[in-house]
Amino acid sequence: MKVWLYYRLSRDDDEELNSLTNQKKILVDYANAHEHEIVGESFDDNVSGMSFDRDGIEKIYDVVDSRKIEAIIVKDLSRLGRHKTQTALFIDYLKTNNVRVLSVTENIDTFNEDDDLLIGFKGIINDFYAKDMSRKIRSGYRQKQKEGICNMPPMGYYKDKNTGEIIIMEEPAGIVRQIFSWYLEGYGIKAIARMLNEKGIKSAAYYQKQYNKKNLGSNKPQIAFKYLWENTAVKRILENEFYIGTLICHKQETNKINKIRKTVPKDEQIRHENFASPIISKEMWEQAQFLLLDKPKRNVRAGKNKPHHRYTGLLECEDCGCSFVAHIRRWRDKPDRIEYTCNGYHRYTKTYCTPHRIDESSLDKLIYDELIQIKSEAHKNWESIENDVKTWVAQKNNVSKRIDSLNNQIDCLELDIEKILMERINDKENRTTYDKMLEKRKTEIAACREQIQSIKNIDDTIKKRKAEIKQSIDLIDEIVASDGISNTHLRMLVEKILIREKENGLSLEIILKAPFLQKVNEYDENGEISACFVELHDASV
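Considering the sheet that holds strand β3 (residues 71-74)
If you walk across this open sheet you meet the 5 strands as β2-β1-β3-β4-β5, and the pairing is mixed. Of all strands in the sheet, those bounded by a partner on one side alone are β2 (37-45) and β5 (108-109). Docked against the sheet, helix α2 (residues 20-33) engages β1 (2-9), β2, β3 and β4 (100-103), running at close to 160° with respect to β1.

Structure (structure tokens):
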């Protein structure tokens, strides 16, 4: 009989008992003892039996379709496969093509009808073993994730395999800091990747191989081995929270049925803060995350290897609704000047809109002066809330007593309802009267509960408002202290600036992301404030 030898070793197997060499010897001895002709062999090393997407199985399909064999010899049926359904379907496919499976240690022949029941039981046992083992491995690994496990730290770090210590490597860490710095300066992801390649700086894959012995996959194209930077690699670094020392485990999981990987919701991920030494500050990382979300919304673009202009995407013409475009004005004996004009005018000339021309330096000064004024307004709001808090704290004991009193009223009213219901059962003639009494009690209970919720909401509202304004004041203090507004701070603070043409000048309406203020200034032809309007504003509303 012409036979094919198949053997398989998975990660979970006892390597000494089930080694590929040992399996092959058993199969060859069996074939020789029964005087079978060995046509060929195939094997799979370190591959799970739960999937039939294996090189060794593919070779079996080829020889079966070409009618070269009559039987397949395996050490036991679990070597062929552990998934009961897929294994049964594969055996049926072989039977259809007049190929039997011979299990050496189990003495099973799939052409023997007396063995069908045993094959079914073996399939169930093999399937259960694989799933039970998988469940135990997942459970053990999940426990390690809860404790904090990092098999491969990102670029900039080295993990000592003996001690498990994660150490910062200064050369790649410096590249990571440079990437974040360029991004906060206004360079785009594509521009950063191009600049790194032009400077001859190797990609993250190079440093991972150097320090953590992580090799590129064999399926990678040849160009990957030049270790060039791609846009996606730069973005992954900017999004990686490990650079502020936070390890996040269980970010993805694989569906057990269709084997598709999916992202786990953030509230189900396992976070370990201060797991490693940070390469960048938390403030820098948070600013980068803000820009990663903000830039696509505003369609912010820049020239080749250049940062975007400061106010790109922030200016809007209130007259025609267009955005503003930046121009660099150059004079022979004067420094370059960046100027913004309405894109409606730039594209369609004065027949559509007017220039609304304004200098970047003028905008910087206006925004900075605005912050100084806003700071005093913010402190007034803070003091007002502080007074509200003091009043609330002073009255809190009385308020607590009031809530207790309302709860007691609800208890009494609910007792009344029970009594009325009992009386209504015994006095059916006056049912309508009892219904009115019940409705009245229910209305009173609803009113009491509404009062309790209203009192509790005051406490929550004051705390929330206080936290929001404190955060805004801290941000303004930080900007003012640095004696200038960085690109990132500008975008964190300003939602948009509406510019409207008026007689002899421009009107600027600055809408802030901070939750406390909106400011409208009008400027005359000399750039002086001719009118000022202040109103409370919440960008989240």
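Text resumes after the structure shown.
Concerning the packing of helix α3 (residues 55-65) against helix α5 (residues 84-96)
Taken N-terminus to C-terminus, the directions of α3 and α5 make an angle of 20°; their axes are 11 Å apart at the nearest point. One way to sum up the angle between α3 and α5 is to call them roughly parallel. The chirality of how α3 crosses α5 is left-handed. Where α3 abuts α5, its residues I57, I60, Y61, V64 and D65 lie against F90, Y93 and L94.

Thoughts on helix α10 (residues 231-239)
Every buried residue of α10 is accounted for by A233, V234, I237 and L238. One face of α10 carries all of its buried residues, which in axial projection span an arc of 140°. Close packing links the buried residues of α10 with α7 (170-185), α8 (189-198) and α11 (282-298).

Brief notes about the pairing of strand β14 (residues 334-342)
For a regular strand, side chains alternate in direction, first toward one face of the sheet and then toward the other. In terms of strand pairing, strand β13 (residues 324-331) meets β14 through 7 bridges, oriented antiparallel. Within the sheet, the bridge partner assigned to A326 lies in β14 and is Y340. Linking two consecutive strands that pair antiparallel, namely β13 and β14, is a turn of 2 residues. The pairing of β14 with strand β15 (residues 358-359) spans 2 bridges and is antiparallel. In the strand pairing of β15, Y340 is matched with I358.

Focus on the confidence of the model for the protein
Averaged over every residue, the pLDDT of the protein is 81; the share at 70 or more is 84%. The least confident element of the protein is strand β19 (residues 529-535), whose mean pLDDT is 45; the most confident is β3, at 94.

So, the sheet that holds β14
Pairing in this open sheet of 3 strands is antiparallel, and the strands run β13-β14-β15 from one edge to the other. At either margin of the open sheet sits one strand with a lone partner, and together these are β13 and β15.

Brief notes about the pattern of salt bridges
Summed over the entire model, instances satisfying the criterion amount to 23 salt bridges. E339 is paired through a salt bridge with R337; the nearest N and O atoms lie 3.0 Å apart. For D435, the salt bridge identified is with R424, shortest N-O distance 2.4 Å. Remark: R424 occurs in helix α13 (residues 360-426) and D435 occurs in helix α14 (residues 431-481); sequence separation between them is 11 residues. On the basis of relative accessibility, which here comes to 32%, the residue D435 falls in the partly exposed class. Salt bridges sharing common partners tie together R329, R337, E339, R357 and D359.

Things to note about the packing of α8 against α10
Axes are the key here: two packed helices are described by the angle between their axes and the distance separating the axes. Contact pair α8 / α10: the axes reach a minimum separation of 8 Å and the direction vectors enclose 110°. With respect to each other, α8 and α10 are oriented roughly perpendicular. α8 and α10 meet at a crossing whose hand is right-handed. Contacts from I189, K190, I192, A193 and L196 in α8 reach N231, V234, K235 and L238 in α10. Looking at the contact of α8 with α10, its residues break down into 6 nonpolar, 1 polar and 2 charged.

Here is what the cut-offs are and how they apply
- Every chain's residues receive numbers from 1 upward, in the order its sequence appears when written.
- For a predicted model such as this one, the threshold for reporting local features is a pLDDT of at least 70, and the threshold for listing and counting side-chain atom pairs is 80 or more; totals across whole chains, interfaces and linings nevertheless cover every residue.
- Computation of side-chain values: all heavy atoms of the structure, hydrogens and water removed.
- Here, strands pair whenever DSSP counts at least two bridges between them.
- The helix count covers DSSP runs of H or I at least four residues long, the strand count covers runs of E at least two residues long, and both are numbered beginning at the N terminus.
- In this description, contact between two residues means that some pair of their heavy atoms is separated by no more than 4.5 Å.
- All axes are obtained by fitting lines to C-alpha atoms, using only the stretch in contact for helices, and the reported angles, taken between N-to-C directions, cover 0 to 180 degrees.
- Oblique is the label for any angle not under 35 degrees, not over 145, and not in the 65 to 115 range, which are roughly parallel, roughly antiparallel and roughly perpendicular in turn.
- With the far helix as reference, a near helix turned anticlockwise by less than a right angle produces a left-handed crossing, and one turned clockwise produces a right-handed crossing.
- Throughout this description, buried means an accessible area under 20% of the type-specific maximum (1.4 Å probe, protein chains only), exposed means over 50%, and partly exposed covers the range between.
- Each direction from the helix axis to a C-beta atom contributes to the arc, which is the arc of those directions.
- Per-residue confidence from the predictor is given as pLDDT, running between 0 and 100.
- Between Lys or Arg on one side and Asp or Glu on the other, a salt bridge is scored when a side-chain nitrogen of the former is within 4 Å of a carboxyl oxygen of the latter.
- Lys, Arg, Asp and Glu make up the charged group, whereas Ala, Val, Leu, Ile, Met, Phe, Trp, Tyr, Cys and Pro make up the nonpolar group; the residues left over, Gly among them, are polar.

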